[in-house]
Amino acid sequence: MKGKKLISVLLSAAMTAGILAGCGSASGSTASTAAASAAPAASAAATSAASSAASSSAAAQTAASSDNGEDYNIKMQIVTWGQNPDELADVESAINAIVQPEIGVTVTLEPIAAWDLINESNMELTAGDKIDLLCIFSYGQAMDSIANYTSKNMLRSLNDLYAQYGTDIGPVLGEEINDGYVGDTLYAIPAKATLGAGYGFSARKDYLDEMGITPDPDKIYTMDELTDIFQKYKDKYGDGHYALSLYGAGTDVYSTFNPLETLGGTGNNGVLLDSGLDGNTKVVDLFETDEYMNYCKQIHSWFGAGFINPDVNTISDDVTSQMKSGNYLGMVGTVYPGSLVGIENNVGVEFETFNTVAPYASTTASSMALWAIPTTCENPEKTMQFLNILYQDRDLSKDVDSLLASGLEGKSYDVTQAVSGSKAIVKAGTGTWSKWVPDTLYGNYYTTPKYEPNTADIYDQLAAFDKGITDANRIPKTFGYVFDPAAVSTQAAAVTSVTSQYRGLVGYGAADPEEVLPEFISALKDAGIDDIIAENQKQLDAWLAKK
């Protein structure tokens, strides 16, 4: 189904631009090549056709921008780690200087802290406020999903808009465009990130050195093995120091220690254990599995041992702030080439990683951020034209996704080595963009600047990382599937309410799982989770049958 869908949309895009299939080829990044290698041959042919169309897309967009003679202002969310960068207005002005003469739009950037994004988006859209580009941030402890909005009819279908104005997006994303579909409807455009990720516990190297501990890069560590490291840290540094940085409520870090496919959601509506890598496509309720109970028991023991801040469910400091305090050993999260550079530059120390899950492809990881056009957008055509520009590989001075990801050259960063196009190795400037804005959420991460101590080969490392996942056959056959909860929306809302009450308590170790987890499971069943699991399984089976 994925290949057919990709062919249909991309050929439609090619025809819209007036180009016949097979007239040329794209000059994309090495990451695009890696993604294409995982796609069927038919999809690759369609991508080539759409890539040929890209050469005339700018002209088509310019013609479309003169429809009413007035510039359209796009309100775009940007995700922050809690503070607004100093150069926000300068970056906004630089973007507008590029896109206003090209397609007749200006952009207003709306910074929102990652942990506030879901609530802010829902409040604004429920109130009918104008948002033109909505960021669905499906990463880590701030997990969001397309279904959170489609279940409330908040998003526009992008099928026709993408076909007409998205000609530069398809060649970059390849099969990963499917992460934005629910059923046959495209609701969001994924940012181009890695095909998947590994997971691990990343700790301050200075503290590890003081304890005489060095992680083995070839080893996959268990929670039991990390326990010994955490105990050494606690023994050495004492009260007020915590081994593991966590924050917020309503979630857990189960997937850090166990491969998990959340099927385009947050795990509340059913999952595949082992991420379906073993070929098993049975959808289950994560919270009533033995695996989840074992995880909860282990993290509860960590909580009891003082490895986790007792205020974990109410603390508002993000991981970066916690690590900068000096009172934490490390954090958990995704692992891929260059993934530690941001936190290292922010905290000012080196980190080393204890790998806990080997890299694998994941719908959630490959769609770390998705960009949707809400129903409150007043000009979706202009908005899609702007979104398309984010996937064009331009010279750095005119590259819009680089401005969003990395800020302004000469203020946010200084170039230490130009690589090609918008690719460059940079060092931090006087601004604070790199401290407060994640760089993986906009356009094509494979062609934006990378900070020192990365070197020019980081771009090759990223491509090789994706190829390694493909070569190791670590791509589940459910990759790209996204559950549509519309048929069970009442139950889904009730389940979300229940998980917000219980999941953080057992998932971060504050509550004894043997006492609280049965109550949690019972409440989920009362809320209708079995109906949701059945519906999810039905949709997945139908999706697999069409592949």
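Just above, that's the structure.
Let me sum up the structure you'll find in this document. Everything numeric here is computed off the predicted structure, so don't read it as measured data.

Quick notes on the overall build of the protein chain
The helix and strand inventory of the protein chain stands at 22 helices and 16 strands. Here the protein chain holds 547 residues, and the buried ones make up 59% of them. Taking as baseline every contact in the protein chain between residues at least 6 positions apart, the subset at least 24 positions apart corresponds to 80%. Carbon together with sulfur atoms contributes 48% to the accessible area of the protein chain, which is approximately 19,800 Å² in total.

So, the packing of helix 20 (residues 489–507) against helix 22 (residues 529–546)
The interhelical angle for the contact between helix 20 and helix 22, taken along N-to-C directions, is 125°, at an axis separation of 9 Å. Relative to helix 22, the element helix 20 lies oblique. The crossing of helix 20 and helix 22 is left-handed. Contacts between helix 20 and helix 22 involve Gln491, Ala492 and Val495 from the first element and Ile529, Asp531 and Ile532 from the second.

Overview of the nonpolar core
Within the largest apolar cluster, 61 residues are counted, with the highest numbers of intra-cluster contacts made by Phe201, Leu226, Tyr292, Tyr295, Trp302, Leu329 and Phe354. Of the residues forming this core, the biggest block, 7 residues, is contributed by helix 21 (residues 513–527). Those residues within four positions of Phe201 in sequence are excluded, and the remaining contacts are Leu226, Phe230, Ala243, Leu244, Leu329, Gly330, Met331, Val332, Glu352, Thr353, Phe354 and Thr356. Membership of the second largest hydrophobic core comes to 52 residues, among which are Val91, Met368, Leu404 and Trp433.

Structural notes on the pairing of strand 3 (residues 134–137)
What you see with strand 3 is no split at all: Leu134 and Ile136 on one side and Cys135 and Phe137 on the other are buried throughout. Alignment of strand 3 against strand 13 (residues 369–372), held across 4 bridges, turns out to be antiparallel. Looking at the pairing, Cys135 lines up with Trp371 of strand 13.

Remarks on the pattern of salt bridges
Side chains that differ in charge, positive against negative, can pair when their charged atoms come close. Counted according to the given criterion, the structure contains 15 salt bridges. Across the salt bridge formed by Glu288 and Lys525, the nearest N and O atoms sit 3.2 Å from each other. Here the residue Glu288 occupies a position in the loop between strand 10 (272–273) and helix 12 (290–304), and Lys525 occupies one in helix 21, the gap between them amounting to 237 residues. A salt bridge links Lys538 to Glu535, with the shortest nitrogen-to-oxygen separation between them at 3.4 Å. You can see Lys538 and its partner Glu535 sitting in helix 22, 3 residues apart, about one turn around the helix. On the accessibility criterion, Glu535 (13% relative accessible area) is buried. Counted as one network, the salt bridges with shared partners bring together Lys75, Glu110 and Glu124.

Details of the environment of Ile74
Here Ile74 lies in strand 1 (residues 72–80). Residues Ile74 and Phe386, 312 residues apart in the sequence, show an inter-C-alpha distance of 8.7 Å. Setting aside its immediate chain neighbours within four residues, Ile74 contacts Val105, Thr106, Val107, Thr108, Asp132, Leu133, Lys382, Thr383 and Phe386.

Considerations on the sheet that holds strand 12 (residues 351–361)
Whether parallel or antiparallel, the strands of a sheet pair through hydrogen bonds between backbone atoms. Within the open sheet, the 4 strands sit side by side as 8-11-7-12. Their pairing is mixed. Only two strands of the sheet have a single partner each, and these edge strands are strand 8 (242–245) and strand 12. Taking each pair of neighbouring strands and ignoring which way they run, the sheet shows an average axis angle of 20°.

Thoughts on the sheet that holds strand 6 (residues 188–190)
Overall, antiparallel pairing links the 3 strands, which are arranged 3-13-6 in an open sheet. Each edge of the open sheet carries a strand with a single partner, namely strand 3 and strand 6. When the angles between neighbouring strand axes are averaged without regard to direction, this sheet yields 30°.

Some remarks on the packing of helix 12 against helix 21
Where helix 12 meets helix 21, the axes come as close as 10 Å, and the angle between the chain directions of the two elements is 140°. Accordingly, the angle class assigned to the pair helix 12 and helix 21 is oblique. Relative to helix 21, helix 12 is oriented so that their crossing is right-handed. In this structure, helix 12 contributes Tyr292, Met293, Cys296, Lys297 and His300 to the contact, and helix 21 contributes Pro513, Glu514 and Leu517. Residue composition of the contact of helix 12 with helix 21, grouped by class: 5 nonpolar, 1 polar and 2 charged.

Details of the environment of Pro85
As for its position among the elements, Pro85 is in the loop between strand 1 and helix 5 (88–103). We classify Pro85 as buried; its relative accessible area is 4%. In the structure, Pro85 is positioned 347 residues away from Thr432 in sequence and 5.0 Å away in space, judged by C-alpha atoms. Once residues within four sequence positions are removed from consideration, Pro85 is found in contact with Thr432, Trp433, Trp436 and Val437.

Quick look at the side chain of Asp179
Among the secondary structure elements, Asp179 is positioned in the loop between helix 9 (170–173) and strand 4 (181–182). Looking at Asp179, the relative accessible area reads 1%, which means it is buried.

Re helix 22
Helical periodicity: at 3.6 residues per turn, an α-helix aligns residues three or four positions apart in one direction. Taking 1.5 Å of rise per residue, 18 residues should cover 26 Å, and helix 22 covers 26 Å from first to last C-alpha, within 8% of that figure. When we look at burial in helix 22, the residues that qualify are Ile529, Ile532, Ile533, Glu535, Asn536, Gln537, Gln539, Leu540 and Trp543.

Description of the packing of aromatic side chains
According to the stated counting rule, one finds 22 aromatic pairs in the structure shown. A ring pair is formed by Tyr221 and Phe354, whose centres lie 5.1 Å apart and whose planes are at 80°; its orientation type is edge-to-face. Here Tyr221, found in the loop between helix 10 (205–211) and helix 11 (223–237), pairs with Phe354, found in strand 12; they are 133 residues apart in sequence, far enough to count as distant. For the pair formed by Tyr221 and Phe354, the shared burial category is buried. Here Phe257 and Trp302 contribute two aromatic rings whose centre-to-centre distance is 5.9 Å and whose plane-to-plane angle is 75°, an arrangement assigned as edge-to-face. Of the two residues, Phe257 sits in the loop between strand 8 and strand 9 (260–261) while Trp302 sits in helix 12, which places them 45 residues apart along the sequence. The pair formed by Phe257 and Trp302 is uniform in burial state, with each residue classed as buried. These aromatic residues form a ring-pair network of at least three members: Phe201, Tyr221, Phe230, Phe257, Trp302, Phe307 and Phe354. Between the NZ or CZ atom of Arg204 and the centre of the ring of Tyr207, over which it lies, the distance is 4.4 Å. The ring centre of Tyr221 lies 5.3 Å from the NZ or CZ of Lys219, which sits over that ring.

Conventions and cut-offs
Residues numbered from 1 in each chain as written. Predicted model: local features only at pLDDT ≥ 70, side-chain atom pairs only at ≥ 80, totals over all residues. Heavy atoms only, no water. Helix = DSSP H or I, 4+ residues; strand = E, 2+ residues; numbered from the N terminus. Buried < 20%, exposed > 50% of the residue type's maximum accessible area, 1.4 Å probe, protein only. Contact = heavy atoms within 4.5 Å. Areas by Shrake-Rupley, 256 points an atom, 1.4 Å probe, with all protein chains shown as cover. Axes fitted to C-alpha atoms, helices over the stretch in contact; angles between N-to-C directions. Parallel < 35°, antiparallel > 145°, perpendicular 65-115°, else oblique. Left-handed = near helix turned anticlockwise from the far one by under 90°. Core = buried A, V, L, I, M, F, W, Y, C linked by side-chain atoms within 4.5 Å. Pairing = 2+ DSSP bridges. Salt bridge = Lys/Arg side-chain N within 4 Å of Asp/Glu carboxyl O. Nonpolar A, V, L, I, M, F, W, Y, C, P; charged D, E, K, R; others polar. Expected span 1.5 Å × (residues − 1). Phe/Tyr/Trp six-rings, centres within 6.5 Å; stacked < 30°, edge-to-face > 60°. Lys NZ or Arg CZ within 6 Å of the ring centre and 35° of its normal.

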